[in-house]
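# Examining the three-dimensional arrangement
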Amino acid sequence: MDCIFCKIVEGSIPANKIYEDDTVLAFHDIQPAAPVHALIIPKKHIAAMKDVREEDLPLIADIHRAAQKVAKELGVDESGYRLLNNCGKNAGQVVFHIHYHLLGGAKLGPLNH
Ligand code: AMP
Ligand code: ZN
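Residues numbered from 1 in each chain as written. Chains lettered and ligands numbered in written order. Predicted model: local features only at pLDDT ≥ 70, side-chain atom pairs only at ≥ 80, totals over all residues. Heavy atoms only, no water.

Helices and strands together make up the secondary structure of the chain, namely two helices and five strands. The order of α-helices and β-strands along the chain, N terminus first, is α-β-β-β-α-β-β. Taking 13 Å as the expected radius of gyration for a compact globule of 113 residues, we find that the chain reaches 14 Å, a close match to that expectation. Reported as C-alpha extents along the three principal axes, the dimensions of the chain are approximately 35 × 30 × 25 Å. Counting only residues that meet the buried cut, the chain has 39% of its 113 residues in that class. Contacts in the chain between residues at least 24 apart in sequence constitute 54% of all its contacts with a sequence separation of at least 6. Accessible surface, the chain as shown: approximately 7000 Å² in total, 52% of it carbon and sulfur. (Helix = DSSP H or I, 4+ residues; strand = E, 2+ residues; numbered from the N terminus. Rg over C-alpha atoms; globule rule 2.2 N^0.38 Å. Buried < 20%, exposed > 50% of the residue type's maximum accessible area, 1.4 Å probe, protein only. Contact = heavy atoms within 4.5 Å. Areas by Shrake-Rupley, 256 points an atom, 1.4 Å probe, with all protein chains shown as cover.)

And the structure:
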């Protein structure tokens, strides 16, 4: 499949990995939008949040569990962070393998645009 994040999961494209388990992978965003900017993805290819099925919901919990670990690993668990998913064009989704951005390391702007 021609999916950049599937290729990262397979190991055919490198990534700066932070955390990995059976179902989830976390790595640093290549174009950080904050001092800490990680991406957390399920290893299973799901294009977008709108495509998450009932049987996939445990993966969403896995992502939240991984986000706690990543935040701790990157030292932002106490200072605070934002976990963000873009779904579809109007949200600015450009990679169609579902992913959650974990942003922190500085005071983040309000979500008012
Ligand atoms: P989104 O706009 O929510 O689809 O975000 C896609 C994110 O993936 C952007 O923040 C990109 O900088 C990031 N990205 C794209 N390709 C890579 C890659 N090979 N390694 C790490 N991050 C990437
Ligand atoms: Zn994929």
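So that's the structure; there's more coming.
A few words now on the pattern of salt bridges. Scanning the model with the defined rule gives six salt bridges in all. Taking the shortest distance from any N to any O, the salt bridge between Glu20 and Lys43 comes out at 2.9 Å. Linking Glu20 in strand S1 (residues 17-20) with Lys43 in the loop between strand S3 (36-42) and helix H2 (57-73), this pair joins segments that are 23 residues apart in sequence. The exposure class of Glu20 is partly exposed, given its relative accessible area of 40%. In this structure, Lys50 and Asp51 form a salt bridge, with 3.0 Å as the shortest nitrogen-oxygen distance. By relative accessible area, Lys50 is classed as exposed at 65%. Overlapping salt bridges bring together Lys17, Glu20 and Lys43 as one network. (Salt bridge = Lys/Arg side-chain N within 4 Å of Asp/Glu carboxyl O.)

For the structure on display, the rule yields one aromatic pair. Measuring from ring centre to ring centre gives 5.4 Å for Phe5 and Phe27, while their planes differ by 80°; the resulting arrangement is edge-to-face. Taken together, the positions of Phe5 in helix H1 (residues 4-10) and Phe27 in strand S2 (residues 24-28) put the pair 22 residues apart, joining distant regions of the chain. This pair shows no difference in class: Phe5 is buried, exactly as Phe27 is. (Phe/Tyr/Trp six-rings, centres within 6.5 Å; stacked < 30°, edge-to-face > 60°.)

We now examine the environment of Pro42. Inspection of the secondary structure puts Pro42 in strand S3. Sequence-distant contacts of Pro42, defined by excluding residues within four places in its chain, comprise Thr23, Val24, Leu59, Ile63, His97 and Ile98.

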